[in-house]
Each structure stands twice: as C-alpha cells, then as structure tokens.
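Examining the three-dimensional arrangement
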Amino acid sequence: MNLKHLQDICATVRRDIITMIGKANSGHPGGSLSLVEILVSLYYEVMNIKPEDPQWEDRDRLVLSKGHGCPALYSVLAHRGYFEKDKLITLRKLGSILQGHPDMKKTPGIDASTGSLGQGLSVAAGMALGAKLKNKNYKIFCIIGDGEMQEGQIWEAMMASIHYKLDNLTIILDHNRLQIDGPNDAVMSLGHITERMKAFGFDVCEVDGHDIEALINTFCRPSSQGKPKFVIANTVKGKGVSFMENQVGWHGKTPNAEEVKKALIELGGEI
Amino acid sequence: MMEKAKSPRIAYGEALLELGEKDEKVVVLDADLAHATQTAMFAEKFKNRFFNVGIAEQNLMGLAAGLALSGFIPFASTFAVFGAGRAFEQIRNTICYPNSLNVKIAVTHAGITVGEDGGSHQAVEDISLMRSLPGMTVIVPCDAVETKKAVFAASKIKGPVYIRIARPVAPVITNEDDCFIPGKANVIRKGRDVTLFAAGLMVAKALEAAEILDGNGISASVINIHTIKPLDVETVLREAGSTGRAITIEEHSIIGGLGSAIAEVLIEKMPVKMKRIGINDLFGQSGTPDELLKHYGLTAEHIVSAVNEML
C-alpha cells in the first residue's frame, strides 16, 4: 500500500465531487465527502474486483445503501477504470449513465440500485446469503448512513444478517452525525451506537473514517466466527472543504461558482 | 382426473415442491406465514433453500432481490396485503426499478375471500398497485389447477412476477391439459350477447352466471383474464367487439384492477357498453367468504342482473 498515492486519489475524488455537483447544479456534497476514504480503501486495497469485467461472478460487491453519496462512488469507479472519466461531468443530466442515485442498469460497477433509504442492507444481506448458498467466497460490503439507521427495515436486515450468520457481510456506518434536518441526536438519536450494535450481536469495530490505514486494516481483518462485521466509521460530513465541514446545510445544497472555486483551491486543485 | 374443489394456496405449495425438485435455483422466502401460504411444504423438503425471514416484509423483498442478483429464482410469499401493500416501495425500488429483478412475489389470501380476519387483511387494491409498476407481470389464477401452471410459467419468465392466490377451497374449472400462456387470455365460453371478462375466483362465478343467462335465452362469452399485465389486448378487443357489451368481474376494487385495465383498452380503441363489477371503493370486513361475496355483489346472480340491466 502506498499511503501517499491513496491520499492523492482521495483529494482527486473530492475535487471530482465538487466539480460534478457544481456542474449538475444539484446533488449531495456533505455525505459524499464523508465517504471518500472508505470508498478509496475498499476499491483500491480491499475488494477483489475486475473493473474490466464488472459482472465477474466471483467479485466482491458493494451496496451503497446511502445512495445519495454516489458522486464519491462514481468518481472512484471512473478512476478504477469502470468507465471513462469524462462521463463524470454528466452527473444528473438527461440520458447520463450517472443518475442522481445509483442505477445498476446504467452504470458499470454499480452492484445494486439504491437511493430510497433503508433498503440497500436487505439487498446486501440477500447477496451474502446467495454467496453462502453457492459456496462462494466473495464478500459483500454495505455502506449505510447514520440517519438511514432510523429506517425500520435496516433493523430487520440487521436481525436477518445475524440470524443467518452472514460473516461474509461487512456493514459500514458512515457516522457523520448529521442528517437533513439537523444532528442525529436532535432528530432521532441512535443512542450509544457501539454498545447497541455489540448487544445486537455484531462483530463491532470503531474506526476513524478518514484514516486510510486504519480503514484497510479494519476491513481486511477476518470477522469473528459466524458474525457479520459492523464498522462504525466516524466521519466528518463535508470533509476536506472548510466551509462545508460539519454543516447541516451542506447535505443537499449545491455550491455556486464562487464556492466551487474556493473548495477546489482548498482541495489542492488548479483553477 | 379433475378434482372438484381445492384451495389455490394448497396448489401453490404443491407446485413449489415440484418446481424445487426440477430447478435447484428456486429458493423460497416467507415472512412467518409458511403454514398459511403453504410454503411450509417446500421448507420441509428443501431446508437449505427456504428462508423464513420473520415478520418483516420489507426485508423479505430486499433479501429476495439480493438472491435474484446472485442468480437464484426467489419466490417471496406472504399475504397479498403485506406483500403488495406494506412492501410496495421495496418491490418498486429494489425489485422492479433496479433491473426488473427475477423475483416472484407469490401472495396468498388475496381479496375478500380471506373471510373472518376482516378488512385489515383483505387486499382489494393489490392488482392496482402491482399493475402500475413497469416490467411487472401480474397473474391471477382462477383455480388450483391454473395456480400450479402459473407458478411454473412464472419461473420461466425473466423478471418480476406477481401471482395473486386465493385462500378458500374453490371450484376447479380448468383442466390439466388446458393451455396456459401468460399474457394470453383463455376464451372458455363463446356467446353472442355479452362478454364477461373475469379473473381469479370470479371466473367460476362468471361461468355460473353464463349458465343461468343461457336458461333465459341470453348468450354470454366468458373470458378468463388470468394475466392482468401484460393484458391480452387482441383477445379483449375481439371478444368485446363480437358482442358489443363488456362486463368485468373481479374480487378487487373497481379502481385500478381488471376492470380498469380493460376499460383503458376499450375506451381508446373500441368503446362498447361496459360495466365493472368489483369492490366499489370500499374496504372489506369480517364474515364467511360466501357471505362477503354476496354482501359485496360478487355472485352469479349479481352478474346476471348486471347483464339484464345492460341489455
């Protein structure tokens, strides 16, 4: 692993996110920026994939259940070679392969269509169940949001993943602590999430969601026998752009031309 | 040898069992209703291909989607009201929207013939919901024999299929060797004066009505629309056209179901006199199935008077 290289990729992905959302004049910058290190770690170091063969049966799969973070995923997929990078600026445009929320029909590398919160984890658990039924060793990763945990279906899926002993499933919580209407704790508290998830029966790990080395180590560590892994990745919403960091207002707001410029300079871009 | 009466849901359970032997890609999921939906037969025989997900219908549909994405042919079963109703958005967003995933949503206890459990458990709007989803096939078998054929046919269709199965013991009116092709309606009686389009348990009622009408010198066609979507437009136009009078009969709301589907075709292509018989924008209630059918006007006698009014 070349840490510096991965950090550079993360910076590039962040610049892509700002540029794409700026050009689309719509999208979700905050929850895309919080995901960057998680996705770069997975797609560059952890997941067994063949970008030239997106449907390869033995590949590891990723379900981005918090689908609104897809600008980050699209950028990572483009840089990994799933499709041309010049497609990125077509985000959210009519006829684009890059829909406002992940669409497996249109985008090479998207393993499941998501976007309606609370539904992706069930699909990921179904995939993990399917892998076991086929005696395949591939792994399933599912990224959920902390606000998303308020959906009842998440708890149904978590119960099932423990019941079926899906140790080939890793649930990653992008814990940036903010949702559209405010902090999780003000809207609907998740309580002591680490303790809750331990009590639920997961193999729980807590990690700095922007520490690439720590993320890779956590993702690669085998899970305890028979238990799905639940990784609480503590992240910063809007990470990397000073005026967006930890700001509720940047959940689904588009930066104007001036803000795009300012953000790109902060992210080391050339204007 | 034709059986006289049998519950379509029993036929569903038997069909799954047989299908499970033939195709190891078939997996079955249920939400704590395996003994009611009859998936328990499959569960007993194929323990490792059966998943009881507990009372969690949203997750039921999501897990089925994930299994379909893994190359399996999942049959997801629960009662119609919980499948099409509670998990509607999961069916929309994790089964139909992604890529018309190969999930078979086979629900039992559809319509008012659920009986005593009452209105909360009687889906009378499920066809309407399912029919509106792009790529969804909607099949409503009329009896136990047709139910089995529908299950086998659904397993061959690539994409989502909604199979609406009735709970009570019901007359068997089709034969083992009758042709069943999804999307191709079956003309089971030819008449000159009026065309009765029926689905599900109402096909038997329409046949009964046609017999009574025959005794009164009125000749009625009876068309079994076992597939509501894709609708057999050609047969609908031909049969409605040949009599100039169309009556639809369904154990479902008159809003959005069979009657609406046929009206949509006729109004655009060939307006004829038409009447929809079904649940008139109401919820059901407790009672025996027969009492409820009588209360809501889904009997042969009711069909006969509708025909008489139209003539």
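Model, not experiment: these values are computed from the prediction.

Residue and element names in this part refer to chain B. Per the domain assignment, the segments of chain B are domain 1 (5-171) and domain 2 (186-310). Distance from the C-alpha centre of domain 1 to the C-alpha centre of domain 2: 25 Å. Between domain 1 and domain 2, the residue contacts involve 33 residues of the former and 34 residues of the latter. With both sides pooled, the region where domain 1 packs onto domain 2 buries about 2400 Å², and carbon together with sulfur makes up 59% of that total. Counting the surface domain 1 buries against domain 2, the share from its top three residues, Ile112, Val124 and Arg131, is 30%. In this assembly, domain 1 and domain 2 are joined by 1 salt bridge. Counting across the interface, domain 1 meets domain 2 through 19 residue pairs in polar contact (both at pLDDT 80 or more). Every element with two or more residues in the side of domain 1 that touches domain 2 is listed here: helix 7 (126-131), strand 6 (137-139) and strand 8 (170-171). Classifying every residue of the side of domain 1 that touches domain 2 gives 17 nonpolar, 9 polar and 7 charged.

Below, the discussion takes up the interface of chain B and chain A. The interface of chain B with chain A comprises 24 residues on the first partner and 23 residues on the second. For the chain B and chain A pair, buried surface summed over both sides reaches about 2000 Å², with 60% attributable to carbon and sulfur atoms. Run the count over chain B and chain A and you get 0 salt bridges. Taken together, chain B and chain A are joined by 12 residue pairs in polar contact (both at pLDDT 80 or more).

What follows covers the environment of A:His175. Residues and elements named next belong to chain A. Here His175 is to be found in strand 3 (residues 169-175). Relative accessible area serves as the criterion here: at 6%, His175 is assigned to the buried category. Here the side chain of His175 touches Asp146 through a polar contact of 2.9 Å, side chain to side chain.

Between two cysteines, a covalent bond joining their sulfur atoms is known as a disulfide. Scanning all chains against the criterion turns up 0 disulfides over all chains. We note that A:Cys220 lacks a disulfide partner, and the nearest cysteine sulfur, in A:Cys205, lies 12 Å from it. Looking at the unpaired B:Cys179, the closest cysteine sulfur is the one in B:Cys142, lying at 13 Å.

It is worth spelling out unusual backbone geometry at this point. The phi angle of most residues is negative, glycine excepted, and most peptide bonds adopt the trans form. With an omega of -5°, the peptide bond running from B:Lys229 to B:Pro230 counts as cis. Tracing the backbone shows B:Pro230 in the loop between strand 12 (227-229) and helix 10 (233-243). The backbone of A:Arg177 sits at a positive phi, close to 70°, despite the residue not being glycine. With respect to the helices and strands, the residue A:Arg177 is situated in the loop between strand 3 and strand 4 (178-179). Judged by relative accessible area, which is 44%, A:Arg177 ranks as partly exposed. One non-glycine residue, B:Gln38, lies in the positive phi region at around 80°. Mapped onto the secondary structure, B:Gln38 falls in the loop between helix 2 (34-37) and helix 3 (40-45). Overall, the relative accessible area of 14% leaves B:Gln38 in the buried class.

Reading the values: the criteria
- Residues numbered from 1 in each chain as written.
- Chains lettered and ligands numbered in written order.
- Predicted model: local features only at pLDDT ≥ 70, side-chain atom pairs only at ≥ 80, totals over all residues.
- Heavy atoms only, no water.
- Domains from an automatic or database assignment.
- Contact = heavy atoms within 4.5 Å.
- Buried area = accessible area lost by both parts, 1.4 Å probe.
- Salt bridge = Lys/Arg side-chain N within 4 Å of Asp/Glu carboxyl O.
- Polar contact = N/O pair within 3.5 Å; in protein donor to acceptor, adjacent residues only side chain to side chain.
- Helix = DSSP H or I, 4+ residues; strand = E, 2+ residues; numbered from the N terminus.
- Nonpolar A, V, L, I, M, F, W, Y, C, P; charged D, E, K, R; others polar.
- Buried < 20%, exposed > 50% of the residue type's maximum accessible area, 1.4 Å probe, protein only.
- Disulfide = S-S within 2.5 Å.

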